[in-house]
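Residue strings, one per chain:
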2 protein chains.
Amino acid sequence: MRAGRGHWIRVLSPLILGLLLWWQTPPVGVTQQAWHLLVVFVSTIVGIIAAPLPMGAVALLGVVASVVTHTLTIEQALFGFGNKVIWLIVTSFMIARGFIKTGLSSRIAYLFVSRVGKSTLGLSYGLLATDLVLAPAIPSNTARAGGVIYPIALSLRDIYKDKDSDDSVGAFILKTAFQGNLITSAMFLTAMAANPLAAQLARDLGVEISWTTWAVGAALPGLVSLVLVPLLLYKLCPPAITKTPDAAEMARQKLKDMGAMTRVEKIMLVVFCLMLCLWMFGKQLAFHSTTTALVGLSLLLVTGVLTWQDVCQEKEAWNTLVWFAALVMMASFLNKLGFIPWFSETMGRQLGGFHWFPAFIGLTLIYFYSHYLFASNTAHVSSMYAPFLGVAIAVGAPPLVSALVLGYFSNLFSGCTHYGCGAAPIFFGAGFLPTGRWWRVGWVVSVVNVVIWLGVGGLWWRLLGYW
Amino acid sequence: MRAGRGHWIRVLSPLILGLLLWWQTPPVGVTQQAWHLLVVFVSTIVGIIAAPLPMGAVALLGVVASVVTHTLTIEQALFGFGNKVIWLIVTSFMIARGFIKTGLSSRIAYLFVSRVGKSTLGLSYGLLATDLVLAPAIPSNTARAGGVIYPIALSLRDIYKDKDSDDSVGAFILKTAFQGNLITSAMFLTAMAANPLAAQLARDLGVEISWTTWAVGAALPGLVSLVLVPLLLYKLCPPAITKTPDAAEMARQKLKDMGAMTRVEKIMLVVFCLMLCLWMFGKQLAFHSTTTALVGLSLLLVTGVLTWQDVCQEKEAWNTLVWFAALVMMASFLNKLGFIPWFSETMGRQLGGFHWFPAFIGLTLIYFYSHYLFASNTAHVSSMYAPFLGVAIAVGAPPLVSALVLGYFSNLFSGCTHYGCGAAPIFFGAGFLPTGRWWRVGWVVSVVNVVIWLGVGGLWWRLLGYW
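Bear in mind the structure is a predicted one, so any value in this text is a computation, not a measurement. (Residues numbered from 1 in each chain as written. Chains lettered and ligands numbered in written order. Predicted model: local features only at pLDDT ≥ 70, side-chain atom pairs only at ≥ 80, totals over all residues. Heavy atoms only, no water.)

**Notes on the overall build of chain A**
Tallying secondary structure elements over chain A gives 22 helices and 0 strands in all. A compact globule built from 467 residues should have a C-alpha radius of gyration of about 23 Å, and chain A, at 22 Å, falls within 12% of that. Once the C-alpha set of chain A is aligned to its principal axes, its extents read approximately 70 × 60 × 50 Å. Per-residue burial for chain A yields a buried fraction of 58% across its 467 residues. (Helix = DSSP H or I, 4+ residues; strand = E, 2+ residues; numbered from the N terminus. Rg over C-alpha atoms; globule rule 2.2 N^0.38 Å. Buried < 20%, exposed > 50% of the residue type's maximum accessible area, 1.4 Å probe, protein only.)

Have a look at this one:
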């Protein structure tokens, strides 16, 4: 059981970094307490990136470090666990289990494919439509991609593997499903686990983003992306076979095998529609989005669609609870203890000579392309979102739009590499595209996405009065 | 899938009760908001007792009801999840997993049995000693009883089943293991899941109980009970065989089979000892008991004794997190919104003519024997602990001793029936004692326990300066 050198570097790097920084004199304007919390936070983020242990364990160690060093009290350190945004995500994981358990998510996919799957391009739109429909209620884009879309994409591609010697159909479908997954993730607050983290960090800086604000803001640029990106990939990764009547036929056959909707599927569908309504119109009832998710979960429990056992066993939810609470807690206290305001103000003064517009574009592009360095949306959001938003606001950029752009980009930026988020290695791992081509295509798509979201998005948000 | 009438009664009784009470005019001195929360709380407790769904699900429904009716805000409703006492228990569940996973708990049991197991009485003391050693770190007395003690007790009894036609050895050993489990549960704040709930409720009423205060207070009466109760049961359920050299031999054989302590067992032992030290002397380091538990868990994760997967899969911990947070939240707000103070004051005025001593004895006895009506320590503690403690304080009983007695009794009271707590049906289910005899013996033990804890305990607490 001897561990390699790489293992020890990963174990020791956060520790050594932390020890080196701990006794440094903090810059003027930063208190000793804020500095110490910053050191714990930076070490935790380095630990999450180096990953000597899974993210949840590293985050927990960060919490313990903050308490044992008396940087925070135990009450402060546990404060994140009562955060309402965290429980939105935890609850959504349970509800996603209902989609998969009842088979409703597969049925939706087969339904779309049977309708629009007669051509390869149509197939890809069918998968994207499925992803889009499921996105509001399945907050792990990895679960959506890996649990629903990927198996179906692969079985569709299998129909053509004999006629398609260089796997061009597989390459096109899987790359489109991947890029589409990032777009749908960007479109809803509840479509990716780190989105609510971004929203919480924005709230700490005084920018309130509701479920509806996020979704309405993303609607137009998101739909434009969802339409254009498959067309672009159709050029960049052209499939050798363009007509796919057998796929539509397979989907019809699968639907036939499934038979009529079961009782639990129907309940799941009704509960999901109710949740969408409450998420959209909850303000009138004074229902927070977390309340809506809890109501949905309660209904699934009462109707027996989910058992309490299912809830307790949903380990991805509990994992997310721990790392999310840890990061939200640290980020909140970095703000409360004055570090984020100090950083934003200092950076803002440096950029004081610029008009806000070029400064803002520069910030968002740095934020986007620095994701080449990250293997997790969460690590990126938790380390860079708050300071970048703070600086953007400090240089005079419109706060809501800045918060949204950085939030949307926190999903789209994962398309550049094959490790950018949990969904990437799944689709890349199918092996239809070599690494170099995956990166080049990803880069072109990223440029198109940036142009669409800043261009079409910019106009749309103006129209909506967001700035 | 037609459910019986019993099922519908269980589903509807909390609902109907809630609806009936909702529009009642609250008594003078109770606000509308406090009244509505009381209705939600009472319905939740009735739901936990009727159990149409598992406790966690019912508690979650209670939380949702409090938010949907706008009795509490979503922030208030989730407030319990950040409670430090809750995370003490959640973390302890993970640590208990380490005991069982490494095999250390079985080794400890075999060690005691090999030393003192030559007689039937000695065997029972060996099992009790094991339970006592594990109690501080395994907060589910059901897990301790069911996961460690019960299987070993049963295998010890199996050695003698051929020679013991009426199973008197099994009856004695299992009944002693059961009653002993309740005593060890009473002895540590971290030995039973609802103990910290009692401590939290006491804190809400201004009585602070630390880990050490609880343990020191319980030490003498607990040890007296642990010595006397097996002797009493030796008379009440006399075993036909009193010499058991084979049991000690079997334990020695098992220890031999296990071989030397493994690396993970040793780490587990060291971490456990460290935690005990920190729990006892943490005050000097300003370490809360939750901090200690988190440090212990961190060490187990870093050393690889537990994986992060183990933590996320520990579903009993997550179940406890939900019901515990829900009940703590409701009980806290019943207090903050003024209901508990109002109730205690009103009841206190009624009892105003009595000296505090008879009033206090009466209260504790009612508290103890009302457990005939409960199938869960938690349901009992969460519904009756706070008002009974409030009344005791209002009539002038010493607050700390009142809080402790009610806390200790919250464990001991489960010995009367075969359904009083999670451990009861396990030992009863072995089938060595008929129900009537189980109850009669339980009643005698309960009287002895009450006398020991109020008598010996009372003197001990005086000596300690607790009153």
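**Quick notes on the packing of aromatic side chains**
Residue and element names in this part refer to chain A. Under the defined criterion, the tally for this structure stands at 57 aromatic pairs over all chains. With a centroid separation of 6.4 Å and 65 degrees between ring planes, the pair formed by Trp-87 and Trp-318 is classed as edge-to-face. Highlighted residues: Trp-87 in helix α5 (residues 84–102) and Trp-318 in helix α16 (residues 315–336), separated in sequence by 231 residues. Like Trp-318, Trp-87 is buried. Measuring from centroid to centroid gives 5.8 Å for Tyr-367 and Phe-413, while their planes differ by 45 degrees, and the two rings are tilted. Taken together, the residues Tyr-367 in helix α18 (residues 356–369) and Phe-413 in the loop between α20 (399–412) and α21 (423–429) connect sequence positions 46 residues apart. Side by side, Tyr-367 and Phe-413 carry an identical accessibility label, which is buried. Aromatic rings pair up to connect Tyr-367, Phe-368, Tyr-369, Tyr-372, Phe-388, Phe-409, Phe-413, Tyr-419 and Trp-439 into one cluster. (Phe/Tyr/Trp six-rings, centres within 6.5 Å; stacked < 30°, edge-to-face > 60°.)

**So, the interface of chain A and chain B**
At the junction of the two partners, chain A supplies 40 residues and chain B supplies 40 residues. The interface formed by chain A and chain B includes 2 salt bridges. With a shortest N-O distance of 2.4 Å, Lys-84 of chain A and Glu-75 of chain B are connected by a salt bridge. For the interface between chain A and chain B, the tally reads 6 residue pairs in polar contact (both at pLDDT 80 or more). No other element matches helix α14 (residues 289–302) of chain A, which puts 8 residues into the side of chain A that touches chain B. Considering only residue class, the side of chain A that touches chain B consists of 26 nonpolar, 11 polar and 3 charged. (Contact = heavy atoms within 4.5 Å. Salt bridge = Lys/Arg side-chain N within 4 Å of Asp/Glu carboxyl O. Polar contact = N/O pair within 3.5 Å; in protein donor to acceptor, adjacent residues only side chain to side chain. Nonpolar A, V, L, I, M, F, W, Y, C, P; charged D, E, K, R; others polar.)

**With respect to helix α18 (residues 356–369) of chain B**
Residues and elements named next belong to chain B. For α18, spanning 14 residues, the distance from its first C-alpha to its last is 20 Å, which sits close to the expected 20 Å at 1.5 Å a residue. Among the residues making up α18, those that are buried are Ala-359, Phe-360, Leu-363, Thr-364, Tyr-367 and Phe-368. For α18, the angular spread of buried residues about the axis comes to 165 degrees, placing them on one side. If you follow the buried residues of α18, they end up packed against α19 (377–394), α20 (399–412) and α22 (435–464). (Expected span 1.5 Å × (residues − 1). Arc of directions from axis to C-beta.)

**Side note on the packing of α5 of chain A against helix α13 (residues 263–285) of chain A**
Residue and element names in this part refer to chain A. Put simply, α5 and α13 touch, their axes get as near as 9 Å, and they point 150 degrees apart. For the pair α5 and α13, the crossing hand works out as left-handed. Only Val-264, Glu-265, Met-268, Phe-272, Met-275 and Trp-279 of α13 make contact with α5, whose side of the interface consists of Leu-88, Ile-95, Gly-98, Phe-99 and Thr-102. By residue class, the composition of the contact of α5 with α13 is 8 nonpolar, 2 polar and 1 charged. (Axes fitted to C-alpha atoms, helices over the stretch in contact; angles between N-to-C directions. Left-handed = near helix turned anticlockwise from the far one by under 90°.)

**Focus on the pattern of salt bridges**
Opposite charge on two side chains lets them pair, provided their charged atoms get close. Residues and elements named next belong to chain A. In this structure the tally under the stated criterion is 20 salt bridges over all chains. A salt bridge links Glu-314 to Arg-97; the nearest nitrogen and oxygen atoms lie 2.6 Å apart. In this pair, Glu-314 is assigned in the loop between α15 (308–313) and α16 and Arg-97 in helix α5, connecting sequence segments 217 residues apart. A relative accessible area of 8% means that Glu-314 is categorised as buried. What makes Arg-97 partly exposed here is its relative accessible area of 31%. Measuring nitrogen to oxygen at the nearest pair gives 3.6 Å for the salt bridge that ties Glu-345 to Arg-349. Taken as a pair, Glu-345 and Arg-349 lie in helix α17 (residues 339–350) at a separation of 4 residues, close to a single helical turn. Glu-345 sits in the exposed class, given a relative accessible area of 51%.

**Overview of the state of the cysteines**
The full count for this structure, using the stated rule, is 0 disulfides over all chains. In this model Cys-416 of chain A remains outside any disulfide bridge; the closest cysteine sulfur is found in Cys-421 of chain A, 11 Å from its own. (Disulfide = S-S within 2.5 Å.)

**Overview of unusual backbone geometry**
All names here are of chain A. The residue Ala-51 is not glycine, and still its phi comes out positive at about 55 degrees. Mapped onto the fold, Ala-51 is located in the loop between α2 (32–50) and α3 (55–68). What makes Ala-51 partly exposed here is its relative accessible area of 31%. Phi is positive for Asp-167, close to 55 degrees, though the residue is something other than glycine. Looking at where Asp-167 falls in the secondary structure, it is placed in the loop between α8 (141–160) and α9 (168–187).

**Some remarks on a nonpolar patch on the surface**
On the surface, a cluster of nonpolar side chains totalling about 510 Å² of accessible area is made up of Trp-8, Leu-12, Leu-15, Ile-16 and Leu-20 of chain A. For Ile-16 of chain A, the position within the fold is in helix α1 (residues 5–22). (Patch = residues over 30% accessible without salt bridge, like charges linked within 9 Å, V, L, I, M, F, W, Y side chains within 5 Å. Areas by Shrake-Rupley, 256 points an atom, 1.4 Å probe, with all protein chains shown as cover.)

**Overview of the domain arrangement of chain A**
All names here are of chain A. Partitioning chain A into structural domains gives domain 1 (1–77 + 317–337) and domain 2 (84–315). Tallying the contact residues gives 12 residues for domain 1 and 18 residues for domain 2. Summing both partners gives a buried area of about 1300 Å² for domain 1 against domain 2, and 75% of it is carried by carbon and sulfur. When residues of domain 1 are sorted by the area they lose upon contact with domain 2, Ala-317, Trp-318 and Phe-324 head the list and together hold 47% of the total. Run the count over domain 1 and domain 2 and you get 0 salt bridges. Linking domain 1 to domain 2 there are 8 residue pairs in polar contact (both at pLDDT 80 or more). Of the residues that constitute the side of domain 1 that touches domain 2, the class distribution is 8 nonpolar, 4 polar and no charged. (Domains from an automatic or database assignment. Buried area = accessible area lost by both parts, 1.4 Å probe.)

**Focus: the relation of the copies chain A and chain B**
Structural alignment of chain A on chain B gives an RMSD of 0.1 Å, achieved by rotating through 180 degrees and translating 0.0 Å along the axis. Such values leave the two copies arranged in the relation of a two-fold axis. For chain A, the smallest separation between a C-alpha atom and the rotation axis is recorded for Gly-82 of chain A, amounting to 2.3 Å. The share of interface residues of chain A whose copies in chain B are also at the interface is 98%, consistent with both copies meeting through the same surface. (Least-squares fit on C-alpha atoms with pLDDT ≥ 70 in both.)

**Structural notes on the packing of α5 of chain A against α16 of chain A**
The geometry of a pair of packed helices is captured by two quantities: the angle between their axes and the separation between those axes. All names here are of chain A. One can describe the packing of α5 onto α16 by two numbers: an axis separation of 9 Å at closest approach and a directional angle of 165 degrees. By the criterion of interaxial angle, the relationship of α5 to α16 is roughly antiparallel. Handedness of the crossing formed by α5 with α16: right-handed. Across from Val-85, Ile-86, Trp-87, Ile-89, Val-90, Phe-93 and Met-94 in α5, the residues of α16 making contact are Glu-316, Ala-317, Trp-318, Thr-320, Leu-321, Phe-324, Ala-325 and Val-328. Residue composition of the contact of α5 with α16, grouped by class: 13 nonpolar, 1 polar and 1 charged. (Parallel < 35°, antiparallel > 145°, perpendicular 65-115°, else oblique.)

**Points about helix α8 (residues 141–159) of chain B**
Residue and element names in this part refer to chain B. The end-to-end C-alpha separation of α8 is 26 Å, in line with the 27 Å expected for 19 residues at 1.5 Å each. Of all the bends found along α8, the most pronounced is centred on Ile-149 and spans about 45 degrees, while Pro-151, a proline, follows it within four residues. Of the positions making up α8, those classed as buried are Asn-141, Arg-144, Ala-145, Val-148, Ile-149, Tyr-150, Ile-152, Ala-153, Leu-156 and Arg-157. Those residues of α8 that are buried lie in contact with α5 (84–102), α6 (104–116), α7 (120–134), α9 (168–187), α12 (245–258) and α21 (423–429). (Bend = angle between axes of the 7 residues up to and from the residue.)

**Some points on the environment of Val-405 of chain B**
Residue and element names in this part refer to chain B. With respect to the helices and strands, Val-405 occurs in helix α20. Considered as a pair, Val-405 and Ala-218 are 187 residues apart in the sequence and their alpha carbons are 9.3 Å apart. Not counting residues up to four positions away in its chain, the partners in contact with Val-405 are Phe-360, Thr-364, Leu-454 and Trp-461.

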